[in-house]
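Residue-level listing of the chains:
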Amino acid sequence: MLIKQLEDKSVVWFQDNNEYIVVEPLIAEILSLLKNKIPKQEILTNLFNTISIPYQQAESLILDIENLLSSTEIQKVELELIDKPNSFEYIKYYKINDLVFKICYFSEYEISLVHPKFSHLEVNFQSKNDFVFEVYSNQNFISFSIDNNIIGTWNKTEVHYFQGKFSMKITELIHEKTENNWLGVLHASAISNGKNSMLFLGDSGNGKSTSLALLQANGFTCLADDFVPIDANKQEVYSFPSAISIKKNALDTLFPIYPELKTSLEYHFKRLNKVVRYLPPNTNNYMQHLPCKALIFIKYQKNSDLMIDKVSNINAFEQLVPDSWLSPIQDNVEVFIDWFSKLPCYQLTYSNNKKMIETVSKIFNDDI
């Protein structure tokens, strides 16, 4: 267990299941004592002497914290091994920078999970491939391998874990960094001005990807959408080559800027209850990595004046972490929390696209 101070709270990280919680410093201290097998009577005495609460209430508090510790214990899930098929119905080739990926799909189901966001990278048959991925499933589980080495198996009810691992392997290979060299992958969008990057977060439907599309049409470069890798060495934001997912309600705004969206394929994701089209990023250089200038919670709100407010890092942390993959290595955990604690965080609400773009420029230029 690791405890780090973030503003006036304590962030507690549990190594066994790589889980984070945010608590008051006193709770964190009791958690640490319980984890280190300090006798409960000694903890009670210290607690009773530290804060003025009745003894019975102190006992109840420690019991609650014990239950919290129990709830963080990892639950093992039995997974079924899948026999790799003898043949694959679909084979596609993708070129990322100078690397060629041959990806073999067992059926249309596997294609639907991977291909749409990478279709802009598809190339014709290549006789020389740098990596061969094979993706296959049965009724309940999905697996994939790279160069005949099985990477993992996941339950189809949690297919997003497969998609995350697939994207992580792409990231490792194009940037030549193993998983241990990453602080994590954030569920965000990332742009750059050539010198720094900026992260955009927001609930589905708040306009995160739409804002990214608008910004890349106005002088900024798209680094990543929905899957933003942060490296452990310099804590920089790295490029990821997927397309930008554009939801149906954003099309009227973007058609004048991107007329190609009018004829692009539409994908229906029933599991996520959304319909999207994909817009390629405005770069083919997927080697970029830049320091992060700020983190922005962005929200389009009809008829709203533009509002930009600072957000506490602890509030930002609590919103960011649940939807992100973070490294399970303790050294990386410490570096991540230290990096995040220094990151300026804002809430940006807007209805005027031009003003939003101007405000983002000001943040990049330290004018806010």
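As shown above, the structure is provided for reference.
Draft legend 1. Just the sheet that holds strand 4 (residues 90–96), in detail. Read from one edge of the open sheet, 6 strands run 6-4-5-7-8-9, paired in mixed fashion. In this open sheet, the two strands that pair with only one neighbour each are strand 6 (122–123) and strand 9 (149–155). For strand 8 (residues 141–146) and strand 9, the ladder comprises 6 bridges, and the chain directions are antiparallel. Within the sheet, the bridge partner assigned to Phe-141 lies in strand 9 and is Asn-155. Helix 4 (residues 108–118) contacts strand 4, strand 5 (99–105), strand 6, strand 7 (131–137) and strand 8 of the sheet and is inclined by roughly 20° relative to strand 4.

Draft legend 2. Geometry of the packing of helix 6 (residues 208–216) against helix 10 (residues 353–364). The contact between helix 6 and helix 10 brings their axes to 10 Å, and the two run at 75°. When the interaxial angle is binned, helix 6 and helix 10 end up roughly perpendicular. On the side of helix 6, the interface is formed by Ser-211, Leu-214 and Leu-215, while helix 10 contributes Asn-353, Met-356, Ile-357 and Val-360. Grouping the constituent residues of the contact of helix 6 with helix 10 by class yields 5 nonpolar, 2 polar and no charged.

Draft legend 3. The arrangement of helix 5 (residues 159–175) in detail. Between its terminal C-alpha atoms helix 5 stretches 25 Å, which fits the 24 Å expected from 17 residues at 1.5 Å a residue. When you tally the buried positions in helix 5, you get 12 out of 17 residues, the bulk of the element. For helix 5, the complete set of buried residues consists of Val-159, Phe-162, Gln-163, Phe-166, Ser-167, Met-168, Lys-169, Ile-170, Thr-171, Glu-172, Ile-174 and His-175. Remark: Glu-176 follows helix 5 within two positions and exhibits a positive phi of approximately 55°.

Draft legend 4. Layout of the state of the cysteines. Applying the stated criterion across every chain yields a total of 0 disulfides. Lacking any disulfide linkage, Cys-222 is separated from the closest cysteine sulfur, that of Cys-292, by 14 Å. A relative accessible area of 1% places Cys-222 in the buried class.

Draft legend 5. Region of the structure containing the side chain of Glu-110. With respect to the element layout, Glu-110 can be found in helix 4. The side chain of Glu-110 sits in the buried core without any salt bridge; Lys-156 is the nearest counter-charge, 5.8 Å away. Side-chain polar atoms of Glu-110 contact the side chain of Ser-107, separated by 2.5 Å. A polar contact is formed between the side chain of Glu-110 and the side chain of Ser-137, at a distance of 2.5 Å. If near-sequence neighbours (up to four positions away) are discounted, Glu-110 is found in contact with Tyr-105, Val-135, Tyr-136, Ser-137 and Ile-142.

Draft legend 6. Structural detail: the nonpolar core. Counting residues in each nonpolar core, the largest one holds 63 residues, and the members touching the most others are Tyr-20, Phe-162, Phe-166, Leu-186, Leu-199 and Phe-336. When neighbours within four sequence positions are excluded, Tyr-20 is seen to be in contact with Val-11, Val-12, Trp-13, Phe-317, Val-321, Leu-326, Ser-327, Val-333, Phe-336 and Ile-337. Membership of the second largest hydrophobic core comes to 29 residues, among which are Cys-222, Ala-294, Tyr-350 and Val-360.

Draft legend 7. Molecular detail of unusual backbone geometry. You will see that Lys-37, though not glycine, has its phi angle at about 60°, which is positive. Its location among the elements puts Lys-37 in the loop between helix 1 (25–35) and helix 2 (40–50). Phi at Glu-176 is positive, roughly 55°, even though this residue is not glycine. Tracing the backbone through its elements, the reader meets Glu-176 in the loop between helix 5 and strand 10 (182–186). Judged by its relative accessible area of 73%, Glu-176 is exposed.

Here is what the cut-offs are and how they apply
Residues numbered from 1 in each chain as written. Predicted model: local features only at pLDDT ≥ 70, side-chain atom pairs only at ≥ 80, totals over all residues. Heavy atoms only, no water. Pairing = 2+ DSSP bridges. Helix = DSSP H or I, 4+ residues; strand = E, 2+ residues; numbered from the N terminus. Contact = heavy atoms within 4.5 Å. Axes fitted to C-alpha atoms, helices over the stretch in contact; angles between N-to-C directions. Parallel < 35°, antiparallel > 145°, perpendicular 65-115°, else oblique. Nonpolar A, V, L, I, M, F, W, Y, C, P; charged D, E, K, R; others polar. Expected span 1.5 Å × (residues − 1). Buried < 20%, exposed > 50% of the residue type's maximum accessible area, 1.4 Å probe, protein only. Disulfide = S-S within 2.5 Å. Lys, Arg positive; Asp, Glu negative; His and termini not counted. Salt bridge = Lys/Arg side-chain N within 4 Å of Asp/Glu carboxyl O. Polar contact = N/O pair within 3.5 Å; in protein donor to acceptor, adjacent residues only side chain to side chain. Core = buried A, V, L, I, M, F, W, Y, C linked by side-chain atoms within 4.5 Å.

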